[in-house]
Amino acid sequence: MPVPTEEAALLAAFEARIAAGESIEPKDWMPERYRKQLTRMMSQHAHSEIVGMLPEGNWITRAPSLRRKLSLLAKVQDEAGHGLYIYCGTETLGVDRQELTEQLLDGRAKYSSIFNYPTLTWADVGVIGWLVDGAAIVNQTVLAKASYGPYARAMVRICKEENFHKRQGYEVCMVLSKGTPAQKAMLQDAVNRFWWPSLMMFGPSDTNSPNSAELLKWRVKRKTNDELRQRFVNLTVPQAIALGITIPDPDLKLNEATGDWEFGEIDWSEFHAVLKGEGPCNHERMAARQAAHKEGEWVRAAATAYAEKQKARQATAAA
Ligand code: FAQ
């Protein structure tokens, strides 16, 4: 079916603005497909930040010192803030947070695969900061240049905080790497378990990524999944060497000509199983979110009642 002339003209003007590097703002005209793709990606991102609090939250009561407890508590709170920030960004596209939360709770919405893995030891908390926040930074630094203004601006602030989280995680790893043989072994075990899932955070390979072409065309994504994954590996391998840690990949080798650390094949069957809800902690994570939502019902009811009371008071005062 041919696109109506008026819409074709709007689309051409929209694409010209994107090509010129302009930022698209909430009240600007945008194709429905752009709105839909952004809503999908941003809501998944927001849900990831919220569900992402659970694996590390597991260690707040068991952090090995008061200093570690305080910094972990602050980090987990930051992640909640990131989620709320991105939900607000999504609201500028016309979808409210309640609707997105319902999609998460009834299993229609996705969140990052990485948060379906358990945190078994204290070293996992350090490794999540180092690898998971590290991967998030590589991805989100580029998203800070995304064509949609509210999302890009949210990323600038979020990346600053994620950088702090990464350093905090790396410092935990550094201390463990200089510790007793048991502490070093605990760190190595955490890296063994989190390395491959961290690479999966960047999504399927480019040949298998249905959304990439459109997102790249509209400059929401500025780099492909594989390009970002490679950048992460290149940045992370020297950090692992500095820690004296072995990356669990016998095929990992430096290509002197390109400067890339080439790595082995990702187990995509594991990735797809986790996306289907069959990861080690999918059920636990969803049950935790559903319980939190139920337990928070009285807070939502109280906030609504308070807002209505305020509105009535203001109406009386204005009369
Ligand atoms: N997990 O066509 P593509 C963080 C889905 S935040 C689950 O390549 P796209 C901070 C994808 O949605 C981490 N699902 O998709 C933190 C699509 O499904 P759909 C989250 C995944 O959008 C740290 C399908 O597969 N970050 O860590 C995954 O072009 C520590 C086909 O894939 C973001 O969300 C996955 N790993 O590229 C918090 C960043 N990968 O919707 C707490 C923003 C792919 O068609 C503690 N998002 N899928 O049904 C993005 O950059 C992109 O959306 C990608 C996926 C790269 C994730």
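Refer to the preceding data block for the structure.
Everything numeric here is computed off the predicted structure, so don't read it as measured data. Numbers given to residues run from 1 along each chain, matching the order in which its sequence is written. Local features in a predicted model are, by the rule used here, given only for residues with pLDDT of at least 70; side-chain atom pairs are given and counted only at 80 or more, and totals for whole chains, interfaces and linings are based on all residues. Calculated side-chain values reflect all of the structure's heavy atoms, with hydrogen atoms and water omitted.

Colleague: Describe the site of the ligand, and please don't skip the residues or the numbers.
Modeller: Looking at the ligand, there are 37 residues lining it, with Gln-44, Lys-110, Ser-113, Ser-209 and Lys-221 nearest. Think of a polar contact as two N or O atoms within 3.5 Å of one another; within protein, one of them needs to be a possible hydrogen donor and the other a possible acceptor, and neighboring residues in sequence only count if both atoms come from side chains. Measuring from an oxygen atom of the ligand, one finds a side-chain N or O atom of Lys-221 at 2.7 Å. Areas reported here follow the Shrake-Rupley algorithm with a probe of radius 1.4 Å; residue values treat only the protein chains shown as occluding. Protein contact buries 90% of the 1,100 Å² of open area that the ligand shows by itself. Those elements that place two or more of their residues in the shell around the ligand are α2 (32-51), α4 (66-91), α6 (122-143), α7 (149-177), α9 (212-217) and α11 (268-278). Here the shell around the ligand is built from residues that sort into 15 nonpolar, 13 polar and nine charged. Residues are labelled near a given molecule or strand when at least one of their non-hydrogen atoms is within 4 Å of it. The numbering of helices and of strands both runs from the N terminus, where a helix is a DSSP run of H or I of at least 4 residues and a strand a run of E of at least 2. Just so you know the grouping, Ala, Val, Leu, Ile, Met, Phe, Trp, Tyr, Cys and Pro go in nonpolar, Asp, Glu, Lys and Arg go in charged, and all remaining residues, Gly too, go in polar.

Colleague: Just give me the short version of a positive patch on the surface, but keep the residues and values in it.
Modeller: Only residues whose relative accessible area exceeds 30% and that form no salt bridge enter a patch; like-charged residues are grouped when within 9 Å of one another, and nonpolar side chains (Val, Leu, Ile, Met, Phe, Trp, Tyr) when within 5 Å. Should a side-chain nitrogen of Lys or Arg be within 4 Å of a carboxyl oxygen of Asp or Glu, the pair is scored as a salt bridge. As used throughout, the charge tally considers Lys and Arg to be positive and Asp and Glu to be negative, leaving His and the chain termini uncounted. Charge positions come from single atoms, namely NZ of Lys, CZ of Arg, CG of Asp or CD of Glu. Together, Lys-145, Arg-222, Lys-223 and Arg-231 make up a positively charged patch on the protein surface. Tracing the backbone through its elements, the reader meets Arg-222 in the loop between α9 and α10 (225-243).

Colleague: I'd love a proper account of a negative patch on the surface, names of residues and values included.
Modeller: A surface patch of negative charge is lined by Glu-91, Asp-96, Glu-99 and Glu-102. Tracing the sequence through the fold places Glu-99 in helix α5 (residues 97-105). Buried, partly exposed and exposed residues are distinguished by accessible area as a fraction of the type maximum, computed with a 1.4 Å probe on protein chains only: under 20%, between the cut-offs, and over 50%, respectively. Residue classification places Glu-99 among the partly exposed residues on the basis of a relative accessible area of 39%.

Colleague: Lay out helix α8 (residues 181-200) in plain terms, naming residues and giving numbers.
Modeller: When the terminal C-alpha atoms of α8 are compared, their 30 Å separation across 20 residues agrees well with the 28 Å that a helix rising 1.5 Å per residue should span. Of all bends in α8, the biggest is about 35°, found at Phe-194, and the proline Pro-197 comes one to four residues later. Residues of α8 that are buried: Leu-187, Gln-188, Ala-190, Val-191, Phe-194, Trp-195, Trp-196, Pro-197, Ser-198, Leu-199 and Met-200. Note on definitions: a residue-residue contact is assigned when non-hydrogen atoms from the two residues lie within 4.5 Å. Elements that come into contact with the buried residues of α8 comprise α6, α7, α10 and α11. To estimate the expected span of a helix, count its residues, drop one, and scale the result by 1.5 Å. Two axes are fitted around each residue, one to the seven residues ending there and one to the seven starting there, and the angle between them is reported as the bend at that residue.

Colleague: I'd like to hear about the state of the cysteines, residue by residue, with values.
Modeller: Covalent bonding between the sulfur atoms of two cysteines defines a disulfide. To count as a disulfide, a pair of cysteine sulfur atoms needs to be within 2.5 Å. Tallied over the full model, the rule gives zero disulfides. Cysteine Cys-88 is unpaired, with the sulfur of Cys-159 as its nearest cysteine sulfur at 18 Å. Residue classification places Cys-88 among the partly exposed positions, given a relative accessible area of 47%.

Colleague: Break down α11 for me, citing the residues and quoting the values.
Modeller: What sets the pattern is the α-helix's 3.6 residues per turn: residues three or four places apart point alike. Every buried residue of α11 is accounted for by Trp-268, Phe-271 and Val-274. Seen from one end, α11 has its buried residues packed into an arc of 120°, which puts them on one side. Those residues of α11 that are exposed and angled more than 90 degrees off the buried face are Ser-269, Lys-276 and Glu-278. Contact partners of the buried residues in α11: α8, α10 and α12 (282-295). In this context, the arc is that of the directions from the helix axis out to the C-beta atoms.

Colleague: I'd like to hear about the packing of aromatic side chains, residue by residue, with values.
Modeller: Two aromatic rings, drawn from Phe, Tyr or Trp (for Trp, its six-membered ring), form a pair once their centres lie within 6.5 Å of each other, and the interplanar angle then sorts them: stacked below 30 degrees, edge-to-face above 60, tilted otherwise. Evaluated as defined, the whole model comprises nine aromatic pairs. Pairing Phe-14 with Trp-218 gives two aromatic rings, centres 6.3 Å apart and planes at 80°, and the pair type is edge-to-face. Placement of Phe-14 in helix α1 (residues 5-19) and of Trp-218 in the loop between α9 and α10 is noted, with a sequence separation of 204 residues between them. Cation over ring: Arg-62 sits above Trp-59, and NZ or CZ is 4.2 Å from the ring centre. Only lysine NZ and arginine CZ atoms are considered, and such an atom sits over a ring when it is within 6 Å of the ring centre and within 35 degrees of the ring normal.

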